[in-house]
Amino acid sequence: MKRFLILCVFPLVGLALIALGVIVSWTQLCLRLDGGKTAGRVAGMAIVRRDACDLVTGLDTTLALTLANGEQVRVAYRDYAPVAAQYGARGSTTPHALPLAALAPGTNAGGQLTRELRTVLADAARGDATTIRWALQREGRHADEPTRVVRLEKTETARGYFGMATLSATLVCDADGIRPAGAPASVPPRGTVTTRAVFDATDPAALLRNKGESMTAYLQLRGSVTNTPEKKDFLLYCEPYATEFRPVFTYAVSDRHHALLSHIGRHSGPTLAIILYGPCWVYYDLQQPARAVLIADPGPPAGAWLAWFSRVCEGTFTQWGSAALIILAGIIFILIGLIQISMAVWPSTRLWL
Amino acid sequence: MHVIETQHKNIPWRWVIAITILKQAWILALFASGSMTFTMRKVIASPMIINSVSSLDVLFNVIVAAPCLYISDRIWTRYGRRRPFVLAAWVIMVTCLFLLPLVQHALPMGIIIVLWLIFWDVNSTFDMLYMEIIPPPQRARASAIGAWMFNGTLMLSAVVISGRFDDIVHSIGFTLNGEQLIYWFGAACLLLCFLFVALFVRERKPLEPPPPSHGRGLAGVVGNLFAEKTLWPVYLLAFSTVLMQAGLGAIDPLLMTDQWGYSKQDMGTNIFVGGMINLVIIIPLVGLIAERMKLLTMFCLGVGGALLFQILYYVFVQFILPDQRPSIAQMIFFGQCMSAIGQFSGIAMLPLIFEYIPRDQMGTAQAGLNFVRSITRLLTLNGIGIWVTTYSRLFKPPGQYDYFSGYLFMILMNVIGCAFLVYFARQVKRGIIKPLGVTGFIPAEDAATPATAAPGAGP
């Protein structure tokens, strides 16, 4: 009896772990296997701290670039999509508008904007302060190029609900966009967090004196109050490690719009596989469409295929990795248990050879 | 019989498979502990401190692992001679892995990590237990099975586990973060090892008595290692090779994530793709080429090539890439070049070193080599931490670290190592250092024939 019990330990622990893995991902697994599939959008980001949380529903970004020849480029973005672009010659007081198609990186439709300039714009619009430093550093290598960027000013205005005590997983999605659920009195008014940073590489000697640091000015305002975050960076990158970033996704079923807080999040910044204001897949409960799960959409292979592969892995394992690891531990227990049971039931004769 | 025992002449292959799967679980726990750099990074900014804490592992190799291995050869308890070490170590290690993601302050975190490092060395007796279970005739195939499983484990760890550190999952009313997931997964793997060895492994008392103790403590052992002057050139050779193999240590992952802005998943992808290329192309190719080369040529090619590629990589990143940040493909390319060229010196190094060790001093030499390697590695790991911290203080804005500057230290160490190697080669050429492992060796067949016996030897 004792021997039987000992032999049962490993399969039983293994089965318990597999059951735990399935329980952990049960809701998501059911929705993924039996739910309806629809295209969704990552429409916001919840920033969850120990004592408060923010819900970012919109991002307005303005980039003002100064080139080495004195020309200026100014581009405005709403939710990372360009909405207006202007180009001003040196000394000119009347800048002229640029077609938005001219901003797309990797195309030849740039017109007045060089390929490098469009790459800088694309990087700076979405990127953090370090990405902008790299972009300026890249530009600095073309010392004789009159169209290289020497100064970049980024102003980011995040719209949403800031300083809430808690945030429920279900949000309200209507014509005004997304907002926290609850009685109007319990929801704070819509607010803004504005971050402005200037990166200046106009004077190489000054840059050298600052040990390569190109950020020359930084200011963050929460509403109208100056805020000093942990890192001098834009809203999604200025938080300490413990802060959690949880995507908010929206989708429509039978003309009814839904907004939910994703069950997966990330420390240290938004996950790379679930891109803010990018597309995603949503699997929803056919009976209760308000129950849904977000699945990352890495898109077709494009650009550097290793980066794409990495995004696919990140999307897949961010979603299923925790359950997969618990189940894997269970499988190892069961494998070893089965080998031991086989040894007890069919002993090998090799020992007596 | 379902209990696995040591010291059998033949064992069922199912035992081999079970114990090899067990070893993979043990390796998975080791890989989980690889995230400790990121755990420390949450509360400790200085790469000097991070590398110093990690380098304690090398110190404990000398002051913990060596005595445990030594004692485990010389004791016998009712639970065996290796099992008490292994089981006690695993209980503490499981506790460490369980508690580590729950602490948020530097001091308790440091204590847990140091405890983990100490008991990781206590658990080094597991290798001996593994080898005592698998009899010599079956070790070659067991090793092949182990290598195959190890590669699978490495790939799995790279793609699935390493990228999970920052993840958070909210499910059925609780929140599980990636750090907890990784360490608790590692703890579950070690718990499996503990249960298996406690319930299903039995040590049989060896028939021969344990070897006598030297009786003079650690100082006596160290004194003995360095008393024999014929071994000094070998230690010099080992010292120079460790200098040439100095890596970034624990700050290597920080270079990729903190400095170059890649995610931990990107880091895993890098290891996965690099590992696949290594497995399918590089190792077979190097094996083919190595068959056609002399030992010394291979070693020189490996040493010179590694130095050349380190310099090329540094120049490429620092002076050619406009933002001083390589892509994943570029990292894999240079990583594979360095790995391929490093295989040559890796293959040639051990046989070359043993050419200079007299046959009757191989045991002493091996112990001395381990000692010299550990001390040199301890110095280089701490050296690189101090170098990166000082370099960053001089050339970077406050709060920023240039981990890549560690490559300069690596190149410097490589150059010093090469200089020692050149000195060694010249002494060999002048006949001052003799290949005593080759010239002093008389095969048993020749020794039995008087005509070929050493000149002047009596009957």
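A quick note: this is a predicted structure, and the numbers were derived from the prediction, not measured. (Residues numbered from 1 in each chain as written. Chains lettered and ligands numbered in written order. Predicted model: local features only at pLDDT ≥ 70, side-chain atom pairs only at ≥ 80, totals over all residues. Heavy atoms only, no water.)

1. Let's talk about the overall build of chain B
Right, so step 1: Each helix and strand in chain B was counted, giving 18 helices and four strands.
Right, so step 2: Here the C-alpha radius of gyration of chain B, 24 Å, is about what a compact globule of 459 residues would show, namely 23 Å.
Right, so step 3: A burial count over chain B gives 51% of its 459 residues as buried.
Right, so step 4: Within chain B, contacts between residues at least 6 apart in sequence are counted, and of these 81% link residues at least 24 apart.
Right, so step 5: Summed over its atoms, the accessible surface of chain B is roughly 20400 Å², and 70% of this surface lies on carbon and sulfur atoms.
Right, so step 6: Within chain B, the 22 negative side-chain charges are centred at a point lying 4 Å from the centre of the 31 positive side-chain charges. (Helix = DSSP H or I, 4+ residues; strand = E, 2+ residues; numbered from the N terminus. Rg over C-alpha atoms; globule rule 2.2 N^0.38 Å. Buried < 20%, exposed > 50% of the residue type's maximum accessible area, 1.4 Å probe, protein only. Contact = heavy atoms within 4.5 Å. Areas by Shrake-Rupley, 256 points an atom, 1.4 Å probe, with all protein chains shown as cover. Lys, Arg positive; Asp, Glu negative; His and termini not counted. Charge placed at Lys NZ, Arg CZ, Asp CG, Glu CD.)

2. Quick notes on the nonpolar core
Right, so step 1: If you look at the biggest cluster of nonpolar residues, it comprises 152 residues, and the most contacted ones within it are Trp 90, Trp 116, Leu 190, Phe 196, Tyr 313 and Tyr 407 of chain B.
Right, so step 2: Once residues lying within four places of it in the same chain are set aside, the contact partners of Trp 90 of chain B are Trp 26, Asn 123, Phe 126, Leu 190, Cys 193, Phe 194 and Val 197 of chain B. (Core = buried A, V, L, I, M, F, W, Y, C linked by side-chain atoms within 4.5 Å.)

3. Digging into the side chain of His 258 of chain A
Residue and element names in this part refer to chain A.
Right, so step 1: One can find His 258 in strand β13 (residues 256-261).
Right, so step 2: Among the residues examined, His 258 registers a relative accessible area of 9% and is labelled buried.
Right, so step 3: Sequence-distant contacts of His 258, defined by excluding residues within four places in its chain, comprise Cys 173, Phe 249, Thr 250, Tyr 251, Val 253, Pro 289 and Ala 290.

4. A few points about the packing of aromatic side chains
One pair of aromatic rings is described through two measures. These are the centre distance and the angle between the planes.
Right, so step 1: Applying the stated criterion to the full structure yields 29 aromatic pairs over all chains.
Right, so step 2: Pairing Phe 98 of chain B with Trp 184 of chain B gives two aromatic rings, centres 5.3 Å apart and planes at 20°, and the pair type is stacked. Taken as a pair, Phe 98 of chain B in helix α4 (residues 83-99) and Trp 184 of chain B in helix α8 (residues 178-200) lie far apart in primary sequence, 86 residues in all.
Right, so step 3: Given a relative accessible area of 27%, Trp 184 of chain B falls into the partly exposed group.
Right, so step 4: A ring pair is formed by Phe 316 of chain B and Phe 334 of chain B, whose centres lie 5.2 Å apart and whose planes are at 35°; its orientation type is tilted. Note that Phe 316 of chain B is positioned in helix α13 (residues 295-320) and Phe 334 of chain B in helix α14 (residues 328-354), a separation of 18 residues in sequence. Each member of the pair, Phe 316 of chain B together with Phe 334 of chain B, is buried.
Right, so step 5: The structure contains a cluster of three or more aromatic residues connected by ring pairs, namely Trp 260, Tyr 313, Tyr 314, Phe 316, Phe 319, Phe 333, Phe 334, Phe 404 and Tyr 407 of chain B.
Right, so step 6: In this structure, Lys 154 of chain A packs its charged tip against the face of Phe 234 of chain A, placed 4.4 Å from the ring centre. (Phe/Tyr/Trp six-rings, centres within 6.5 Å; stacked < 30°, edge-to-face > 60°. Lys NZ or Arg CZ within 6 Å of the ring centre and 35° of its normal.)

5. Section: the interface of chain B and chain A
Right, so step 1: Counting from both sides, the interface comprises 67 residues of chain B and, opposite them, 54 residues of chain A.
Right, so step 2: Ranking the residues of chain B by area buried against chain A places His 2, Arg 14 and His 170 of chain B at the top, with a combined share of 12%.
Right, so step 3: Inspection of the region where chain B meets chain A yields two salt bridges.
Right, so step 4: The interface formed by chain B and chain A contains 20 residue pairs in polar contact (both at pLDDT 80 or more).
Right, so step 5: Tallied by class, residues from the side of chain B that touches chain A come to 42 nonpolar, 15 polar and 10 charged. (Buried area = accessible area lost by both parts, 1.4 Å probe. Salt bridge = Lys/Arg side-chain N within 4 Å of Asp/Glu carboxyl O. Polar contact = N/O pair within 3.5 Å; in protein donor to acceptor, adjacent residues only side chain to side chain. Nonpolar A, V, L, I, M, F, W, Y, C, P; charged D, E, K, R; others polar.)

6. Observations concerning the packing of helix α1 (residues 2-24) of chain A against α8 of chain B
Right, so step 1: Between α1 of chain A and α8 of chain B, the shortest axis-to-axis distance is 11 Å and the interhelical angle comes to 165°. Taken together, α1 of chain A and α8 of chain B sit at an angle that is classed as roughly antiparallel. Viewed along their axes, α1 of chain A and α8 of chain B form a crossing whose handedness is left-handed. Residues Ile 6, Leu 7, Val 9 and Phe 10 of chain A of α1 of chain A touch α8 of chain B, and the partners they reach there are Leu 192, Leu 195, Phe 196, Leu 199 and Phe 200 of chain B.
Right, so step 2: For the contact of α1 of chain A with α8 of chain B, the per-class residue count stands at nine nonpolar, no polar and no charged. (Axes fitted to C-alpha atoms, helices over the stretch in contact; angles between N-to-C directions. Parallel < 35°, antiparallel > 145°, perpendicular 65-115°, else oblique. Left-handed = near helix turned anticlockwise from the far one by under 90°.)

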